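# Examination of the molecular architecture
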Amino acid sequence: MIDALLECACRRATKTDDEIAKLREENAKLREDNAKLREAPEAQVARIRGASAEMQALKAVRRCSGGGAERTTAAELHVGFAQRDQGELFGFDFSDYTTPETLFHMMGHGVDMVPPVRVLDGDWLCARAEELRQCATLEERRALALPRRQELFALHPEAYMSVSCLASLPRGDPRIGNPLPLIVISHMWRGDTHPDPEGDTLLAMADAFNHQRANGRFPEGPFAVFFDWCSLLQRDAAGERTDAEYEAFATAISRMQIWYAHEQTLVYMLTMTPPSWDVGAHTAYHARGWPTFERHVTMINKQQSAKCWANIVDASAPDSEAVVQPPMTVEAFRALLSGKTFTNGADREFVTELYADTLKTAFGLAVKLRYVGNRWGDEDMEQLVKVLPLCSQVVSINFKDKNNKYTAASAAMLAALINSGAMPKLGVLGAGCTEKGSADLGPLLRDEYLQAACTARGIYLLRDADEATVDPADPSRRSREEHVIQAAQSRQKSVGSALARARLKAAGQAIVAASLIRAASWTGL
């Protein structure tokens, strides 16, 4: 049907047969690309099974060459995917980072295979921690340390929470994306064969949960926990996994970033080295490659509010919000990883690819960006404006923070970016924190060059008064900010004609030179 309509339109435009054939080819390619983006989880599993087969072949080759015990790495998975997808590694969609169904599928819901991921029952985990806390000897503690997933599920199936149970639990505040009561742990491994042989990490988890619960920033009822040692299928004592375990593990590791970057998960980072560990013999959290990756994808686009569940927690500083950094470019992230430690150095490029895809999707396709309470300044703004051009769908950006340190340099950088035509759908820009409910603009938005750039593009400048929610319990009675965002989305759909684009461009030309000069004077360009 689409091809017929396309041919009819081409005939009316007096296209030749060759031109029509070329357009038809392009149309078919677009449909194929869209199909990949909307690929069902079952199809993704089939693709991963193919990658698993390639890894098994690699395993056989290594054995024949006397390679010893097999240890399939994330980098080998990278190779399998790159071969199968001809360079397009994963192809995630924005919904993978916003809808709970993505997480449920990873837990095996609707997928005919061993569940790639299982999540622990948080209450069971805390009870286990309290039992371990009562141990009098090191031997007793080691006996209660959590075993790998395969043994734990066999011995204590009650330690795990089902998909249906998790899906039925009360959700968090809509201001931070209606999160699930699902905590994802980022931590260090003490050794290659067991991350927590004496239970130190388990106790640190329980302490962090109890602290946030006492502060009122924790789910009130049951909750689930993703802890890689007990959530993913691990190797046995000989360093092996069965074929089914390899298949499930490959599925999980190829989508690992989703657990941290997803807007409906709560990430707890155990950054402090436990006192019982020999500090000199263990690499610190911030010097490790995988924890660095987990930390940075966590911060890409989680919405935060001091009045909601804490969704980015640094357990080493439990009384304060984790220091959230702006997303960095892929090149900057690759440079950062060059100084970090990986058990297998080849994993460095693999996690860089995962970061690149997360940045492109979870950040680049976001509709709303909210940087609240981060205490950012000009250097943070400089880092952010380097990645904001990726945001092709963003409609609203809010920099609200009463403790921000932005100067005219930040305003100049934003003005230059807006004048360049980046973020074509942007309709709302906020940077409040004047008096509560004030109709005045925040300090950042008082800059005349930034105001002129926004006026030229038809971008609404958000006041604190616009964010006053009429009734948080009634989604139909939204805040002024939400109404403005909705109106901006509708308006952007209609601003598509060449005449409208030309009018906006002409209006912006009068101030673009001045704003660029102001930005250059600070950045040294």
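Throughout this document, residue positions are counted from 1 along each chain, in the order its sequence is written. Reporting of local features is limited, given that this is a predicted model, to residues whose pLDDT is at least 70; pairs of side-chain atoms are given and counted only at 80 or more, and all residues count toward the totals for whole chains, interfaces and linings. To get the side-chain values, take all heavy atoms of the structure and skip hydrogens and water.

Attention now moves to the overall build of the protein. Tallying secondary structure elements over the protein gives 21 helices and 10 strands in all. The buried share of the protein, reckoned over its 525 residues, is 50%. Any two residues whose heavy atoms approach within 4.5 Å at even a single point are treated as in contact. In the protein, the proportion of contacts linking residues at least 24 apart, taken out of those at least 6 apart, comes to 78%. Each accessible area is a Shrake-Rupley result for a 1.4 Å probe, and residues are judged covered by the shown protein chains and nothing else. Taken as a whole, the protein presents about 24200 Å² of accessible surface, with 54% of it coming from carbon and sulfur. Here a strand is any run of E in DSSP of at least two residues, a helix any run of H or I of at least four, and the numbering for each starts at the N terminus. When accessible area is computed with a 1.4 Å probe and restricted to protein chains, residues below 20% of their type maximum are described as buried, those above 50% as exposed, and intermediate ones as partly exposed.

Let us look at the pairing of strand E5 (residues 266-269). By the alternation rule, side chains of E5 split into Leu266 and Tyr268 and Val267 and Met269, which are all buried. Strand pairing is assigned whenever DSSP detects at least two bridges linking the two strands. Bridge count for strand E3 (residues 182-186) against E5 is 4 bridges, and the pairing is parallel. Its bridge partner being in E5, Ile185 is matched across the sheet by Tyr268. Bridge count between E5 and strand E6 (residues 312-314): 3 bridges; the pairing is parallel. Directly across from Val267, in E6, lies its bridge partner Ile312.

Let's shift gears to the sheet that holds E5. One open sheet holds the 6 strands; their spatial order is E2-E1-E4-E3-E5-E6, and the pairing between them is mixed. At either end of the open sheet lies a strand with only one pairing partner, and these are strand E2 (160-161) and E6. Summarising the sheet, E3 and strand E4 (residues 224-226) pair through 3 bridges and their orientation is parallel. Pairing of Leu182 across the sheet is with Ala224, part of E4.

Just to be clear on terms, a salt bridge is a Lys or Arg side-chain nitrogen sitting within 4 Å of an Asp or Glu carboxyl oxygen. Counted by the stated rule, this structure contains 10 salt bridges. Two residues, Arg133 and Glu130, come together in a salt bridge whose shortest N-O distance is 3.3 Å. With a gap of 3 residues between them, Arg133 and Glu130 both fall in helix H6 (residues 122-133), about one helical turn apart. The partner of Arg190 in a salt bridge is Glu198, with the nearest N and O atoms 3.2 Å apart. Assessed through its relative accessible area of 22%, Arg190 is described here as partly exposed. Residue classification places Glu198 among the buried residues on the basis of a relative accessible area of 11%. Residues participating in the shared-partner salt-bridge network are Arg141, Arg142, Arg190, Glu198 and Asp200.

Ring pairs are drawn from Phe, Tyr and Trp, using the six-membered ring of Trp, whenever the two centres fall within 6.5 Å, and their geometry is named by plane angle: stacked under 30 degrees, edge-to-face over 60, tilted for the rest. Per the stated rule, a full pass over the model turns up 15 aromatic pairs. For the pair Phe209 and Phe223, a centre-to-centre distance of 5.4 Å together with 80° between the ring planes defines the contact as edge-to-face. In this pair, Phe209 is assigned in helix H10 (residues 200-214) and Phe223 in the loop between H10 and E4, connecting sequence segments 14 residues apart. Of the two residues, Phe209 and Phe223, neither departs from the other in class, the shared state being buried. Note on Phe218 and Phe223: the rings are 4.9 Å apart at their centroids and 80° apart in plane angle, and the pair reads as edge-to-face. This pair shows no difference in class: Phe218 is buried, exactly as Phe223 is.

Turning our eyes to something else, we now look at the side chain of Thr201. Mapping Thr201 onto the fold places it in helix H10. Overall, the relative accessible area of 6% leaves Thr201 in the buried class. When sequence neighbours within four positions are dropped, the list of residues in contact with Thr201 reads His187, Pro195, Asp196, Phe227, Leu270 and Trp277.

This paragraph deals with the nonpolar core. With 82 residues, the main nonpolar core has Trp259, Phe363, Leu388, Phe399, Met423, Leu429 and Leu450 as its most contacted residues. Residue contributions to this core peak at 7 residues, all from helix H16 (residues 347-363). Only buried residues count toward a nonpolar core, which is a set of Ala, Val, Leu, Ile, Met, Phe, Trp, Tyr and Cys residues joined through side-chain atoms within 4.5 Å.

Moving on, we come to helix H18 (residues 408-419). How far a helix is expected to stretch is found by multiplying one less than its residue total by 1.5 Å. With 12 residues, H18 should reach 16 Å at 1.5 Å per residue; the first-to-last C-alpha distance of 16 Å fits that figure. Of all 12 residues in H18, 11 are buried, a share of seventy percent or more. Where H18 is concerned, the buried positions are Ala409, Ser410, Ala411, Ala412, Met413, Leu414, Ala415, Ala416, Leu417, Ile418 and Asn419. Following H18 by one or two positions, Gly421 has its phi on the positive side, about 95°.

Two faces belong to every sheet, and in a regular strand the side chains alternate between them. Within E3, 5 of the 5 residues are buried, leaving the element largely enclosed by the surrounding structure. Side chains Leu182, Val184 and Ser186 of E3 all project onto a buried face; the interleaved residues Ile183 and Ile185 project onto the opposite face, where all are buried too. The handedness of a crossover follows from its direction of travel: if, with the strands pointing away from the viewer, the path from the first strand over the helix to the second runs clockwise, the crossover is right-handed. Handedness of the crossover joining E3 and E4 through H10 is recorded here as right-handed.

Before going further, it helps to spend a moment on the sheet that holds strand E7 (residues 368-370). Spatially, E7-E8-E9-E10 is the arrangement adopted by the 4 strands of the open sheet, whose pairing is parallel. Of all the strands in the sheet, just E7 and strand E10 (460-462) have a single pairing partner and so form its edges. Taken pair by pair, the neighbouring strands of this sheet meet at an average axis angle of 10°, ignoring direction. Where strand E9 (residues 428-430) and E10 come together, 3 bridges link them in parallel fashion. Across the sheet, the residue bridging to Val428 is Tyr460, located in E10. Each axis is a line fitted through C-alpha atoms, taken for helices only over the stretch in contact, and angles between the N-to-C directions span 0 to 180 degrees.

Read these as layout, nothing more, since geometry by itself doesn't imply function.
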